[in-house]
Amino acid sequence: MVDHALDIRTVRPGDPGWDAHVGLFADYRVHYGQDRDPQRCDRWLREQLDAGRYHCYLARSSEGRTAGMANVAVSPASIVLSSFWQIRDLYVAPDHRRHGVGRALVDAVVGDARAGGAARVSLQTEVGNDRALALYRSAGFEVVDEVTMLNLPL
């Protein structure tokens, strides 16, 4: 449950909040063992947005404090001749955790995907990330046992 009002909106370079979004994305990468490197993050996010592959969401508290961010990839869903949205990155600032920010971001993405005619919203997280799994399940996401994810490192 959100215990403070949030403003969640998509942001692009030049928008108020863009630098805050980039900063949170850089912090998110550190969480996964990568260098923070905000300039490189900014450049990469711009490339994804310019190619039409990403939507960037920023959550701010009613006091204007940066609370969290989500990055979403939009992909073709060829079998159903539609699209699907995949939440690729979700990060909540440490001082805003356990206050409903993650759920509010997920709900905003799902609402926009539904309004945009997407066939589904997907995401992935680590098997042992119990907090994230609980959040996603509470939002209605279900584990898909019928598929196996495979990677080919390049």
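See above for the structure.
Residues numbered from 1 in each chain as written. Predicted model: local features only at pLDDT ≥ 70, side-chain atom pairs only at ≥ 80, totals over all residues. Heavy atoms only, no water.

**With respect to the packing of aromatic side chains**
Inspection of the entire model under this criterion finds six aromatic pairs. Arranged with centres 5.4 Å apart and planes meeting at 85 degrees, the rings of W44 and Y54 form a pair that is edge-to-face. Taken together, the residues span a long stretch of sequence, with W44 in helix 2 (residues 38-50) and Y54 in strand 2 (residues 54-61) at a distance of ten residues. Seen from their ring centres, Y136 and F141 are 6.1 Å apart, and the 65 degrees between their planes marks the pair as edge-to-face. Overall, the relative accessible area of 9% leaves Y136 in the buried class. (Phe/Tyr/Trp six-rings, centres within 6.5 Å; stacked < 30°, edge-to-face > 60°. Helix = DSSP H or I, 4+ residues; strand = E, 2+ residues; numbered from the N terminus. Buried < 20%, exposed > 50% of the residue type's maximum accessible area, 1.4 Å probe, protein only.)

**Considering the packing of helix 1 (residues 18-31) against helix 2**
Close contact between helix 1 and helix 2 brings their axes to 9 Å; oriented N to C, the two are set at 110 degrees. The angle between helix 1 and helix 2 falls in the class roughly perpendicular. Every pair of crossing elements has a handedness; the one defined by helix 1 and helix 2 is right-handed. Judged by residue contacts, W18, H21, V22, F25, A26 and R29 of helix 1 engage P38, R40, C41, D42, W44, L45, R46 and L49 from helix 2. For the contact of helix 1 with helix 2, the residue count by class is nine nonpolar, one polar and four charged. (Axes fitted to C-alpha atoms, helices over the stretch in contact; angles between N-to-C directions. Parallel < 35°, antiparallel > 145°, perpendicular 65-115°, else oblique. Left-handed = near helix turned anticlockwise from the far one by under 90°. Contact = heavy atoms within 4.5 Å. Nonpolar A, V, L, I, M, F, W, Y, C, P; charged D, E, K, R; others polar.)

**Examining the sheet that holds strand 3 (residues 66-77)**
If you walk across this open sheet you meet the five strands as 1-2-3-4-5, and the pairing is mixed. On the outer flanks of this sheet lie strand 1 (6-10) and strand 5 (120-123), each paired with one strand and no other. Ignoring strand direction, the axes of neighbouring strands in this sheet form an average angle of 25 degrees. As paired strands, strand 2 and strand 3 are joined by seven bridges and run antiparallel to one another. Within strand 3, the residue paired with A59 across the bridge is G68. Against the sheet, helix 1 touches strand 2, strand 3 and strand 4 (82-92), its axis set at about 85 degrees to strand 3. Sitting on the sheet, helix 3 (residues 101-115) is in contact with strand 1, strand 2, strand 3, strand 4 and strand 5, with an inclination near 165 degrees to strand 4. (Pairing = 2+ DSSP bridges.)

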